[in-house]
Amino acid sequence: MATSTLTIDLDAIAANWRALDRMSDPTTQTAAVVKADAYGLGAKRVVRALAEAGARRFFVAVAEEGAAVRQALGPGPQINVLSGHMAGDTEMIHDLDLTPMLNSVDQITRHLESLPGHPFGIQLDTGMNRLGLEAEEWEALASLMLDANPELVMSHLACSDEPGHPMNEAQLAEFHAMTDGIGVPRSFAATGGILLGPEYHFELTRPGVGLYGGRPFVDARPVVGLSLPVIQIREVAPGEIVGYSCGWVAEQPSLIATVAAGYADGLTRRYSNAALLWDGETPCPIVGRVSMDLITVDVSHLRDVPRSLDLLGMMQGVDDLADVAGTIGYEVLTSLGHRYARRYVSATTRGQM
Ligand SMILES: *Cc1c(COP(=O)(O)O)cnc(C)c1O
């Protein structure tokens, strides 16, 4: 393989969506969160695969992302914008039939004045203190808002990846207090909320990271493979160094492979002297500093040095890598760079982009 290759398994994404869909009652709709270019994996291909699997509603962070999704899907599927109706977005929201989730009094005013009759949803803040109307605002505005026929009322959990966390039940109680009896479809659960159980599901769930193989959906099918070609191999004698700042010193005669990717490709310098690459099922430690375009790997123990080594694959998922860097799978995914050859794999379509 001549170039660093990111393989994205569209069948696995579809299977993960179906698995998360099966966890809730058949009357609960399962949407798909595809913000940040489908968590870095390419919204165009991902939303088509999800639509084929049965997804009918998609969530994006900002209106521009909604444009890409609308382009890929055509008319029909609903596209919700989590950041709501921001200044300057009115035309896009109208022309591309996006559904903003209104977060504030400002946004409500903007939407109802500029696009009366255009679909919208409402986001409520049940304790996360990030986005959405707070209880007092909602109390003052609810009857006015409900008269304008919102199509969805949602809120977001702050700690859903920790099942025992008291915040989950507190937010659930607050969501009930704010919304019971309103007669509008409600959404509360992202991936973590789906796993918390049926009382968190309401009429619509909106998983993101679980679709892409990340925690907390530990039963997810892995989605991403990342294979880095070996550019050069060299022998290093005891006492010799490898890489910037003499980041590693050989203690014994060693064989070092230099592979083609670095922090410019989203592979953080925190992997220096810490993360593993894999030759099949054999781990090979990164030695020395990760540089902008190159990583050096100790392959002394391999009988034959392969043409490429895997950073992501069956032996190491996005969360394993995240653990090494002290971050989360979400960040590993959304950091994946733009220099990789992206190969989308599925039973029906095989393509390069
Ligand atoms: C990102 C996001 C989601 C999806 O969360 P995951 O943890 O990736 O499943 C759902 N809802 C909101 C409001 C979000 O910001």
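Definitions and cut-offs
Residues numbered from 1 in each chain as written. Predicted model: local features only at pLDDT ≥ 70, side-chain atom pairs only at ≥ 80, totals over all residues. Heavy atoms only, no water. UniProt positions renumbered as here; feature names shortened; annotations may be inferred. Helix = DSSP H or I, 4+ residues; strand = E, 2+ residues; numbered from the N terminus. Buried < 20%, exposed > 50% of the residue type's maximum accessible area, 1.4 Å probe, protein only. Contact = heavy atoms within 4.5 Å. Domains from an automatic or database assignment. Buried area = accessible area lost by both parts, 1.4 Å probe. Polar contact = N/O pair within 3.5 Å; in protein donor to acceptor, adjacent residues only side chain to side chain. Nonpolar A, V, L, I, M, F, W, Y, C, P; charged D, E, K, R; others polar.

Novice: Quick question: what am I supposed to make of the UniProt feature "modified residue: N6-(pyridoxal phosphate)lysine" (unreviewed entry) in the protein here?
Specialist: The UniProt entry lists Lys35 under the feature "modified residue: N6-(pyridoxal phosphate)lysine" (unreviewed entry), expressed in the numbering used here. By the element assignment, Lys35 lies in helix α2 (residues 35-39). With relative accessibility at 29%, the residue Lys35 sits in the partly exposed group. Among residues more than four places away in sequence, those in contact with Lys35 are Phe59, Val60, Ala61, Glu65 and Leu82.

Novice: Just checking my understanding: could you explain the domain arrangement of the protein for this structure?
Specialist: Accessible area lost when the parts come together is the quantity often used to give the size of an interface. Partitioning the protein into domains gives domain 1 (10-212) and domain 2 (224-345). Domain 1 and domain 2 are separated by 37 Å when their C-alpha centres are compared. Between domain 1 and domain 2, the buried area comes to about 890 Å², and carbon and sulfur atoms account for 64% of it. The three residues of domain 1 that bury the most area against domain 2 are Tyr39, Leu41 and Val209, which together make up 48% of that side's buried surface. Applying the counting criterion to the domain 1 and domain 2 interface returns three residue pairs in polar contact (both at pLDDT 80 or more). Sorting the residues of the side of domain 1 that touches domain 2 by element identifies α1 (10-22) and α2 as the ones contributing at least two each. Classifying every residue of the side of domain 1 that touches domain 2 gives six nonpolar, two polar and two charged.

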